[in-house]
Amino acid sequence: MIYLKKLTVSDGEDIYEMMQEIPAEENGFKNPVYGKNYDGYLEWLKKAAEGAERVGIVDGWKVPETLFWLYDGLRPIGFGKIRHLLTDALRAAGGSIGYAIRPSERKKGYGNKIVELLVTEARKMGAEILLTVHNGNEASLKAALNAGGRIAKTESGRYYIEF
Ligand SMILES: CC(C)(COP(=O)(O)OP(=O)(O)OC[C@H]1O[C@@H](n2cnc3c(N)ncnc32)[C@H](O)[C@@H]1OP(=O)(O)O)[C@@H](O)C(=O)NCCC(=O)NCCS
């Protein structure tokens with residue numbers, strides 16, 4: 001069974017191990033755990049869990065956001081993030097949904113699945129849904145279109161995809 005699980009402060013080694021496999025940054029999507037030691041990961045989990053409880057906008061750009069792990073059975077496959085709301089800066093670059101699949105599990109259909117599941121979650125949360133995909137990131141563009149997205153505009157080296 002493939003499903004999303006919300007980040008919690010008690011997440012463990014399986015997630016840590018996956019996050020060391022996913023690069024620190026790819027196509028504008030960041031993995032803040034890459035290169036951290038285990039204690040650093042535990043500290044980060046606390047901050048990330050607080051991020052989901054945040055209310056309103058901090059410093060004009062830090063918005064409430066929830067992190068999800070994609071699991072296939074017991075194995076973590078990737079992760080995604082939903083911003084609960086957007087600022088103009090995030091509307092221009094970043095969007096409300098980001099995701100990555102661990103490299104060893106790419107090209108198996110999990111990218112399609114994580115976008116579909118994140119869009120469903122974001123709808124449940126009542127969040128504005130906008131994906132910004134860098135030109136040339138064909139896999140991400142396809143996954144977004146397969147999940148029902150449509151290209152609203154192409155600008156500043158990005159596709160802006162609405163749902
Ligand atoms: C984008 C990403 C999540 C896709 O994950 P994935 O598990 O490989 O995706 P899937 O296997 O479900 O493939 C999605 C679609 O893209 C296609 N695809 C996959 N890799 C591709 C590639 N390198 N070039 C072109 N198309 C590709 C697949 O055929 C599929 O389309 P289809 O179902 O219509 O045939 C993954 O490559 C990733 O984590 N990239 C780094 C982070 C990133 O770019 N995040 C997105 C930021 S907007």
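Here goes a summary of the coordinates provided. Just so you know, these numbers come straight off a predicted model, no measurement behind them. In every chain, residue numbers begin from 1 and rise along the written sequence. The model is predicted, so local features are restricted to residues of pLDDT at least 70 and side-chain atom pairs to those at 80 or more, both for listing and for counting; the totals for chains, interfaces and linings are taken over all residues. Each side-chain value is worked out from all heavy atoms of the structure, with water and hydrogens disregarded.

1. Some words on the pattern of salt bridges
- By definition here, a salt bridge exists when the distance from a side-chain nitrogen of Lys or Arg to a carboxyl oxygen of Asp or Glu is within 4 Å. In total, this model carries 15 salt bridges according to the counting rule given.
- Between Glu162 and Arg150 there is a salt bridge; the shortest N-O distance is 3.0 Å. With a gap of 12 residues between them, Glu162 in strand 9 (residues 158-162) and Arg150 in strand 8 (residues 150-155) connect regions that are remote in the sequence.
- Each residue is placed in one exposure class: buried if its accessible area under a 1.4 Å probe, protein chains only, is under 20% of its type's maximum, exposed if it is over 50%, and partly exposed if it falls in between. A relative accessible area of 30% means that Glu162 is categorised as partly exposed.
- Judged by relative accessible area, which is 48%, Arg150 ranks as partly exposed.
- Here the salt bridges share partners, and the residues they tie into one network are Glu17, Glu21 and Arg102. In this description a helix means any DSSP run of H or I spanning at least four residues, a strand means any run of E spanning at least two, and both kinds are numbered starting from the N terminus.

2. Side note on the sheet that holds strand 4 (residues 65-72)
- Being paired, for any two strands, means DSSP has found at least two bridges between them. The strand order 1-4-5-6 describes an open sheet built from four strands, whose pairing is antiparallel. A single partner strand is all that each edge strand has here, and the edge strands are strand 1 (2-6) and strand 6 (97-101). Mean inter-strand twist for the sheet, computed between neighbouring axes without regard to direction, equals 25°. Axis lines are fitted to C-alpha atoms, over the contacting stretch for helices. Their N-to-C directions set the angle, which ranges from 0 to 180 degrees.

3. Focus on the nonpolar core
- Leu70, Ile97, Tyr99, Ile114, Leu118 and Leu131 are the most contacted members of the largest nonpolar core, which has 24 residues in total.
- Counting residues per element, the ones that place at least two in this core are strand 4, strand 5 (75-83), strand 6, helix 4 (110-125), strand 7 (130-134), helix 5 (138-146) and strand 9.
- With seven residues, helix 4 is the largest single contributor of residues to this core.
- For this analysis, a nonpolar core means a set of buried residues of the types Ala, Val, Leu, Ile, Met, Phe, Trp, Tyr and Cys, connected via side-chain atoms within 4.5 Å. Ranked by size, the runner-up nonpolar core spans 17 residues in total, among them Met18, Leu45, Ala48 and Trp69.

4. Side note on the site of the ligand
- Here, proximity means that at least one heavy atom of the residue falls within 4 Å of the molecule or strand. In the vicinity of the ligand there are 19 residues, among which Asn27, Tyr99, Ile101, Lys107 and Asn112 approach most closely.
- Here Arg106 contributes a side-chain N or O atom positioned 3.3 Å from an oxygen atom of the ligand.
- As used in this structure description, the phrase polar contact means that two N or O atoms lie within 3.5 Å; if the pair is within protein, one of them must be able to donate a hydrogen and the other to accept it, and residues adjacent in sequence are counted only when both atoms belong to side chains. One of the side-chain N or O atoms of Asn146 is found 3.1 Å from an oxygen atom in the ligand.
- Counting only elements with at least two residues in the shell around the ligand, the list comes to strand 6, helix 4 and helix 5.
- Sort the elements by how many residues they give to the shell around the ligand and helix 5 lands first, with five residues.

5. Focus: the sheet that holds strand 8
- Ordered by their spatial adjacency, three strands build an open sheet running 7-9-8, and the pairing between neighbours is antiparallel. The sheet is open, and its two borders are formed by strand 7 and strand 8, each paired with just one other strand. The average angle at which neighbouring strand axes cross in this sheet is 25°, direction not considered.
- Examined bridge by bridge, strand 7 and strand 9 share five bridges and lie antiparallel to one another. If you follow Thr132 over to strand 9, its bridge partner there is Tyr160.
- By definition in these notes, contact holds between two residues if any of their heavy atoms fall within 4.5 Å. Across the face of the sheet, helix 5 comes into contact with strand 7, strand 8 and strand 9 while running at roughly 15° to strand 9.

6. Side note on the side chain of Asn31
- Positionally, Asn31 belongs in the loop between strand 3 (29-30) and helix 2 (38-53).
- On the basis of relative accessibility, which here comes to 3%, the residue Asn31 falls in the buried class.

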